[in-house]
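Analysis of the macromolecular model
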Amino acid sequence: MTSAAEFDYSVVGGGLQGCLLAHALAWHRPEATVLLVERADELCGNHTWSFHETDVAEQARSWFDPLVTHRWPGYRVRFSTLSRRVNISYATITSDRLREATLSLAGGAGGPGRAGRLVVRTGESCEILSPTAVRLGGTTDVSCRAVLDCRGRAEAGSPGGAGYQTFIGHEYETAQRWPASEPTVMDVPADQAAGFEFLYELPLGPDRVLLEYTRFHEEPACDESRAVSLIAARLAEADAGSAKLIRSERGCLPMPELVARACPDRVAAEIASAAAEDRLRRGFTRFLNRLLFCLVRPEDRWKIFQRFYRVLPEERISRFYAHRFTFTDAARIMIGWPPMGLAPIRFARSFVSLPGPLPT
Ligand SMILES: Cc1cc2nc3c(=O)[nH]c(=O)nc-3n(C[C@H](O)[C@H](O)[C@H](O)COP(=O)(O)OP(=O)(O)OC[C@H]3O[C@@H](n4cnc5c(N)ncnc54)[C@H](O)[C@@H]3O)c2cc1C
């Protein structure tokens with residue numbers, strides 16, 4: 001075993017959280033030295049991450065805004081009996097942009113860099129030995145003031161808590177102009193027999209669109225043929241000429257999500273304390289996941305989302321997504337929920353052991 005140089009922070013995992021943390025540290029603690037380790041050959045994977053702009057705290061905007069690749073003033077949701085435009089600014093960060101900006105921060109790709117203050121290691125697995133030490137590639141120990149664990153959620157196939165959200169997304173270049181200029185974050189087909197599923201549409205340019213099939217289900221598997229047929233139907237409906245596939249992404253997220261764990265240094269303590277403060281809200285989100293998967297039959301899950309968009313005004317929607325909702329918001333979300341298909345005994349049992357699929 002060899003010992004390498006010390007760093008102020010070792011960030012383990014170069015995905016969304018790890019890279020955002022590297023940027024946040026560069027802004028707020030420019031003097032700190034940071035080691036960012038990613039076990040894959042490249043940082044950031046292959047994703048398009050979208051969010052409500054109101055999710056981002058005002059004090060993070062200066063370093064966060066340059067990472068945003070696309071912005072729209074609002075978005076739509078479409079159900080069989082509800083179509084609504086939500087007037088909340090929506091935005092996207094792509095893996096490519098985040099990777100490029102992070103490498104540039106480290107001094108690569110001709111970027112200004114931080115004179116060795118950010119060191120990026122890819123293609124190297126990292127073991128967390130203690131809150132202040134990591135082992136690189138099984139051989140080199142690195143000590144630091146704090147290890148920031150950004151290894152992400154459990155991977156597909158691992159226990160999913162309440163269930164899974166699976167995606168298959170295809171990005172196309174179309175021969176003619178794409179008819180929509182704003183995203184449709186849920187386009188919910190009338191047939192919901194397979195559990196809650198919808199198409200997600202992000203117009204990334206006049207002739208570029210990401211169409212992503214999403215399904216909430218007990219099983220981590222994605223229905224490839226269903227994805228293909230829903231995407232093909234939307235391409236035909238949009239009538240934008242021939243569509244050339246330029247990129248694909250896929251994923252499977254266990255729900256509810258986990259947050260990064262942190263260590264006892266000031267920055268780490270701030271992260272841990274923010275997570276603790278947020279515990280109640282995350283608890284409520286997990287509770288909603290249980291409602292979705294354990295109390296409502298798969299074919300009725302869409303009604304929960306439709307009701308959400310039918311009754312909530314914009315300010316409540318943005319507080320909900322930003323995890324800043326109040327007790328009144330939570331009450332408003334719960335009153336009259338869920339609409340039908342109840343299985344209360346199964347829901348109660350879900351707190352003891354997670355059930356299999358509901359009987360139909
Ligand atoms: C196709 C797709 C689309 C998505 N869209 C959205 C979206 O629109 N909005 C949203 O909020 N979320 C979205 N998500 C969820 C999104 O992936 C997560 O919110 C986000 O990636 C979580 O970031 P993370 O850094 O925690 O995990 P990840 O991005 O998974 O990063 C964890 C990283 O740690 C690395 N790692 C793990 N173990 C080690 C180790 N021992 N040593 C070194 N490296 C390690 C992994 O290789 C990985 O790169 C999407 C996910 C997918 C798959």
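Please refer to the structure higher up on the page.
Starting from 1, residues in each chain are numbered consecutively following that chain's sequence as written. Only residues with pLDDT of 70 or above have their local features reported here, since the model is predicted, and side-chain atom pairs are shown and tallied only from 80 upward, although totals for entire chains, interfaces and linings are computed over all residues. Just so you know, side-chain values use all the structure's heavy atoms and leave hydrogens and water out.

Looking now at the overall build of the protein. Scanning the protein for helices and strands turns up 10 helices and 17 strands. Counting only residues that meet the buried cut, the protein has 49% of its 360 residues in that class. Expressed as a percentage of contacts within the protein between residues at least 6 apart in sequence, the contacts between residues at least 24 apart total 73%. All accessible areas in this document rest on Shrake-Rupley with a 1.4 Å probe, and a residue is counted as covered only by the protein chains that are shown. By element, 55% of the accessible surface of the protein is carried by carbon and sulfur atoms, the whole surface being about 16,900 Å². For helices the rule is a DSSP run of H or I covering at least 4 residues; for strands it is a run of E covering at least 2, with both sets numbered from the N terminus onward. Burial here depends on accessible area, computed with a 1.4 Å probe over protein chains only, as a share of the maximum for the residue type. Under 20% is buried, over 50% is exposed, and the range in between is partly exposed. Residue contacts follow a heavy-atom distance rule, with two residues in contact if any of their heavy atoms lie within 4.5 Å.

A few words on the pattern of salt bridges. By salt bridge we mean one thing: a side-chain nitrogen of Lys or Arg within 4 Å of a carboxyl oxygen of Asp or Glu. For the structure on display, the rule yields 23 salt bridges. As a salt-bridge pair, Arg78 and Asp187 come within 2.7 Å of each other at their nearest N and O atoms. On the criterion of sequence distance, the pair formed by Arg78 in strand 6 (residues 75-79) and Asp187 in strand 14 (residues 184-187) is long-range, its members being 109 residues apart. Glu218 is paired through a salt bridge with Arg301; the nearest N and O atoms lie 2.4 Å apart. Note that Glu218 is positioned in the loop between strand 16 (208-217) and helix 4 (224-238) and Arg301 in helix 7 (residues 301-311), a separation of 83 residues in sequence. Owing to a relative accessible area of 14%, Glu218 belongs among the buried residues under this scheme. Take Arg301: its relative accessible area is 0%, and that puts it in the buried class. Taken together, the salt bridges that share partners define one network made up of Arg78, Asp187, Glu201, Arg234 and Glu237.

In this section: the sheet that holds strand 4 (residues 48-52). A strand pair is defined by DSSP finding two or more bridges across the two strands. Strand order in the open sheet formed by 3 strands is 4-8-5, with antiparallel pairing between adjacent strands. Only two strands of the sheet have a single partner each, and these edge strands are strand 4 and strand 5 (70-72). With strand direction ignored, the average angle separating the axes of adjacent strands in the sheet is 20°. Bridge count for strand 4 against strand 8 (residues 90-94) is 5 bridges, and the pairing is antiparallel. In the sheet register, Phe51 faces strand 8, and the bridge partner there is Ala91. Every axis corresponds to a line fitted to the C-alpha atoms, with the helix fit spanning only the stretch in contact, and the corresponding angles, defined between N-to-C directions, vary from 0 to 180 degrees.

Only Phe, Tyr and Trp rings are paired, with Trp represented by its six-membered ring, and only when their centres lie within 6.5 Å; those with planes under 30 degrees apart are stacked, over 60 edge-to-face, the remainder tilted. Counting across every chain of the model gives 14 aromatic pairs. Here the aromatic rings of Tyr75 and Tyr90 are separated by 5.1 Å at their centres, their planes lie at 50°, and the arrangement is tilted. Placement of Tyr75 in strand 6 and of Tyr90 in strand 8 is noted, with a sequence separation of 15 residues between them. No difference in accessibility class separates Tyr75 from Tyr90, as the two residues are buried. When the ring of Phe308 is compared with that of Tyr321, the centres are 6.0 Å apart and the planes differ by 75°; the resulting orientation is edge-to-face. A residue pair is termed long-range when its members are at least 10 positions apart, and Phe308 in helix 7 and Tyr321 in helix 8 (residues 314-321) qualify at 13 residues. Given the relative accessible area of 5%, Phe308 is considered buried. Judged by its relative accessible area of 30%, Tyr321 is partly exposed. Taken together, the ring pairs connect Phe308, Tyr309, Phe320, Tyr321 and Phe325 into an aromatic cluster.

Helix-helix packing is described using two parameters, namely the angle between the two axes and the distance between the axes. Relative orientation of the contacting elements helix 8 and helix 9 (residues 327-334) amounts to 105°, with a least axis distance of 11 Å. When the axis of helix 8 is compared with that of helix 9, the two are roughly perpendicular. Contacts from Arg316, Arg319 and Phe320 in helix 8 reach Thr328, Asp329, Arg332 and Ile333 in helix 9. Gly is placed with the polar residues, together with every amino acid not listed as nonpolar (Ala, Val, Leu, Ile, Met, Phe, Trp, Tyr, Cys and Pro) or charged (Asp, Glu, Lys and Arg). Taken together, the residues that form the contact of helix 8 with helix 9 break down as 2 nonpolar, 1 polar and 4 charged. An angle below 35 degrees is treated as roughly parallel, one above 145 as roughly antiparallel, one from 65 to 115 as roughly perpendicular, and anything else as oblique.

What follows is about helix 7. In terms of burial, helix 7 is largely enclosed, as 9 of its 11 residues are buried. Those residues of helix 7 that sit buried are Arg301, Trp302, Lys303, Ile304, Phe305, Gln306, Arg307, Phe308 and Tyr309.

Our focus in this paragraph is the pairing of strand 2 (residues 7-12). Summarising burial for strand 2: 6 of the 6 residues are buried, a large majority. Judged from the 5 bridges that link them, strand 2 and strand 12 (residues 140-149) form a sheet pairing that is parallel. Across the sheet, the residue bridging to Val12 is Asp149, located in strand 12. In this structure, strand 2 lies alongside strand 3 (residues 34-38), joined through 4 bridges in parallel fashion. When the sheet's bridge partners are listed, Tyr9 is paired in strand 3 with Val34. By convention a crossover is right-handed if, when the strands point away from the viewer, the path from the first strand over the helix to the second runs clockwise. Regarding topology, helix 1 (residues 16-28) serves as the crossover connection from strand 2 to the parallel strand 3, and that connection is right-handed.

Turning our attention to the side chain of Thr48. Examined against the element boundaries, Thr48 turns out to sit in strand 4. Taking relative accessible area as the criterion, Thr48 reaches 12% and is therefore assigned buried. Whenever two N or O atoms come within 3.5 Å, that pair is a polar contact, provided that in protein one can donate a hydrogen and the other can accept it, and provided that, for residues adjacent in sequence, both atoms are side-chain atoms. Side chain to side chain, Thr48 and Arg247 meet in a polar contact 2.7 Å long. Polar side-chain contacts of Thr48 include one of 2.9 Å to the side chain of Glu249. Those residues in contact with Thr48, other than ones at most four positions away along the chain, are Thr92, Ile93, Thr94, Leu202, Leu210, Arg247 and Glu249.

Attention shifts here to the pairing of strand 11 (residues 133-136). Pairing of strand 10 (residues 126-130) with strand 11, which is carried by 4 bridges, proceeds in the antiparallel orientation. In the strand pairing of strand 11, Glu127 is matched with Arg135. Following strand 10, the chain reverses through 2 residues before pairing antiparallel with strand 11. Of the strand pairs in this sheet, strand 11 and strand 12 are connected by 4 bridges, and their pairing is antiparallel.

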